[in-house]
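What follows is each chain in one-letter form.
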Amino acid sequence: MRLVDLRENNVASQNILSDALNTLGKVNDGISGLAEGLKTNGFNSAKLYIGQIRPSVAYGFRVYMKPVIQSNIGKSLGRTANIAGITISAATVANTYLEEGYRGPKTTMEMGKAATGMAGAWAGARIGAAAGGV
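Residues numbered from 1 in each chain as written. Predicted model: local features only at pLDDT ≥ 70, side-chain atom pairs only at ≥ 80, totals over all residues. Heavy atoms only, no water.

Asker: Honestly, helix α2 (residues 67–100) in this entry has me stumped. Any pointers?
Answerer: What sets the pattern is the α-helix's 3.6 residues per turn: residues three or four places apart point alike. Taking 1.5 Å per residue as the helical rise, α2 with its 34 residues ought to reach 50 Å, and the 48 Å between its terminal C-alpha atoms agrees with that figure. Buried residues of α2: Pro67, Gln70, Ser71, Gly74, Gly78, Ala81, Ile88, Thr92, Val93, Asn95, Thr96 and Glu100, and no others. Within two residues after α2, glycine 101 carries a phi angle of roughly 85 degrees, on the positive side. (Helix = DSSP H or I, 4+ residues; strand = E, 2+ residues; numbered from the N terminus. Expected span 1.5 Å × (residues − 1). Buried < 20%, exposed > 50% of the residue type's maximum accessible area, 1.4 Å probe, protein only.)

Structure follows, in structure tokens:
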């Protein structure tokens, strides 16, 4: 194989990896939103109705998730989404660095996105903790 072929294959694999990381980031955002919704429902003591046990019966029993369970699931999902978000950000920065071959403008931009995302999450947690303590 020639060096040009190797570089073209590397660029193609970098694009696939970049697309995959982007998609994973969006899925992680959705999971994080679900976690926040479950925590909010649990905090407000709202029941989450899942469906009916026997849909053929007009007044069948409805299955719901208790607020405490919603809150616990939301907390667990939120923690997992935070860890996944940090991992995805680190992989995105590493991928961009490998794509450019040095610390160029794209790598610097991805590092800035990761840093501001972490700082925003930290500030949001501090503000939320302060508001919750009032």
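Asker: Can you help me understand the side chain of threonine 96 in this one?
Answerer: Positionally, threonine 96 belongs in helix α2. The exposure class of threonine 96 is buried, given its relative accessible area of 8%. At 2.8 Å, the side chain of threonine 96 and the backbone oxygen of threonine 92 are in polar contact. The residues touching threonine 96, leaving out its near neighbours within four places in the chain, are Lys106, Thr107 and Glu110. (Polar contact = N/O pair within 3.5 Å; in protein donor to acceptor, adjacent residues only side chain to side chain. Contact = heavy atoms within 4.5 Å.)

Asker: Explain the side chain of asparagine 28 here, please?
Answerer: By secondary structure assignment, the location of asparagine 28 is in helix α1 (residues 3–43). Judged by its relative accessible area of 11%, asparagine 28 falls in the buried class. When near neighbours in sequence (up to four residues on either side) are disregarded, asparagine 28 contacts Ala81, Ala84, Gly85 and Ile88.

Asker: What should I look at first to understand the pattern of salt bridges in this one?
Answerer: Pairs can form between side chains of opposite charge once their charged atoms are near each other. For the structure shown, the criterion picks out 3 salt bridges. The residue glutamate 36 makes a salt bridge to lysine 39 at a minimum N-O spacing of 3.1 Å. In this pair, glutamate 36 and lysine 39 are both assigned in helix α1, 3 residues apart and thus about one turn of the helix distant. Put simply, lysine 113 and glutamate 110 hold a salt bridge, and the shortest N to O gap is 3.6 Å. Pair noted here: lysine 113 and glutamate 110 are both in helix α3 (residues 105–132), with a separation of 3 residues, about one helical turn. (Salt bridge = Lys/Arg side-chain N within 4 Å of Asp/Glu carboxyl O.)

In short, shape yes, function no, at least from these values alone.
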